[in-house]
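Structure assessment
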Amino acid sequence: MQIGIRAHDIHIFDNPEKLAISLKEHDFHYVQFAPRVSLSELTHGGTKINFGLGNQVKQAFDKQGIKIAVLGCYINIIDPDLTKREQVLTQFKKYLSLAHSFGTELVATETGSVDPTFRKTPNNFTPIKISETINVIHDLVTTAEKTGTLIGIEPGVNHPIYSLEVTKELLQAIPSPNLQIILDPGSLIMNPDDDPVQILKRGIHDFGERIYAYHIKDYIYHDNHIEITPIGAGQANIESMLQTINAEQPNAYVIADELSANKIEVSLTRLQTMAQRI
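In short, a report on the structure. (Residues numbered from 1 in each chain as written. Predicted model: local features only at pLDDT ≥ 70, side-chain atom pairs only at ≥ 80, totals over all residues. Heavy atoms only, no water.)

A separate point is the layout of surface pockets. Roughly 820 Å³ of volume is contained in the largest pocket. As for the largest pocket, its lining consists of 34 residues, of which Glu110, Asn158, His159, Ser187 and Glu258 are closest to the centre. At the level of elements, helix H2 (35-38), helix H4 (82-98) and strand E9 (225-229) are the ones that each hand at least two residues to the lining of the largest pocket. The element contributing the most residues to the lining of the largest pocket is E9, with three residues. When the residues that make up the lining of the largest pocket are grouped by side-chain class, the tally is eleven nonpolar, 13 polar and ten charged. Of the volumes computed, that of the second largest pocket is approximately 170 Å³. Along its surface, the second largest pocket is lined by Tyr162, Ser163, Leu164, Glu165, Leu188, Met190, Asp194, Asp195, Gln198, Ile199 and Arg202. Only helix H6 (164-173) and helix H7 (196-207) provide two or more residues apiece to the lining of the second largest pocket. With three residues, the single largest contributor to the lining of the second largest pocket is H7. (1 Å grid on protein atoms, 1.4 Å probe; cavity = no way out; pocket = protein on both sides within 12 Å on 5 of 7 lines; lining within 4 Å. Points joined across faces, edges and corners; volume = space filled by probe spheres on them. Helix = DSSP H or I, 4+ residues; strand = E, 2+ residues; numbered from the N terminus. Nonpolar A, V, L, I, M, F, W, Y, C, P; charged D, E, K, R; others polar.)

Among the secondary structure elements, Leu19 is positioned in helix H1 (residues 16-25). A relative accessible area of 2% means that Leu19 is categorised as buried. Taking the C-alpha atoms as reference, Leu19 lies 8.6 Å from Ser38; in sequence the two are 19 residues apart. With near-sequence residues (within four places) excluded, Leu19 lies in contact with Ala7, Ile10, Ile12, Phe33, Ser38 and Phe61. (Buried < 20%, exposed > 50% of the residue type's maximum accessible area, 1.4 Å probe, protein only. Contact = heavy atoms within 4.5 Å.)

Another point: the nonpolar core. In terms of nonpolar packing, the biggest core is built from 86 residues, with Leu23, Phe33 and Phe61 touching the most fellow members. No other element matches the seven residues that helix H5 (residues 127-147) contributes to this core. When near neighbours in sequence (up to four residues on either side) are disregarded, Phe61 contacts Pro16, Leu19, Ala20, Leu23, Val31, Phe33, Ile66 and Ile68. (Core = buried A, V, L, I, M, F, W, Y, C linked by side-chain atoms within 4.5 Å.)

For helix H9 (residues 264-276), spanning 13 residues, the distance from its first C-alpha to its last is 18 Å, which sits close to the expected 18 Å at 1.5 Å a residue. Among the residues making up H9, those that are buried are Ile264, Ser267, Leu268, Leu271, Met274 and Ala275. Seen from one end, H9 has its buried residues packed into an arc of 130°, which puts them on one side. In this structure, the buried side of H9 is in contact with strand E1 (4-6), helix H8 (238-248) and strand E10 (253-256). (Expected span 1.5 Å × (residues − 1). Arc of directions from axis to C-beta.)

These values are about where atoms sit, not about what they do.
Given below as structure tokens:
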């Protein structure tokens, strides 16, 4: 089983060629790539991308045998400031039009928040806010259908699409195959006794055919939220999650998420050891 990584967890920035070489040295075959971070200066924080830059990145990664599985454009799609919202939605549509130049099919985002600090708040969970979010996603899906690309929505408790049930509601409201899910069980932990393995299994059961990729992270639950830990240092049964994914969807994209910067090598070694056993 192969594991991917967020490219910016390898701290090489604004140099696609060197980044690709380092990713190859770490034995990665696919990544999630966020221009906002990995190409911060070149793209003015992700706001300015173009076809030539996408092609440069693709060529650098192709040379090392690395696929950009997910192009990250994480924005606040329901920003209460409508001017800011329109700006970031225009940006996301631009990413959709450029996705193929980066060698990928899918652009991913979470669903934003009414709280600009993205704290968990019940104000995101109202029927009105959920409906508004679905309408915004529907507009983005229309663009994806025109550009022949995919949208990846990542549900999470800090956002309006905050549970498996609401994710099902979203997918039923927008049956287009151009809408896919990035499933991160850790991001759906609402309470301390929630089990990410069971969340993963229910998600695969309920809408597995619409899951494009998985995010995996370890954590401890503290003070009403999760705190990220190095892989193997938290309460998540990472190996059981990997086994579940591999049993249901062999060779699916599985991307390590939010790796602790000071323990990244330890986390990667543990992850790759687990993957080799599967």
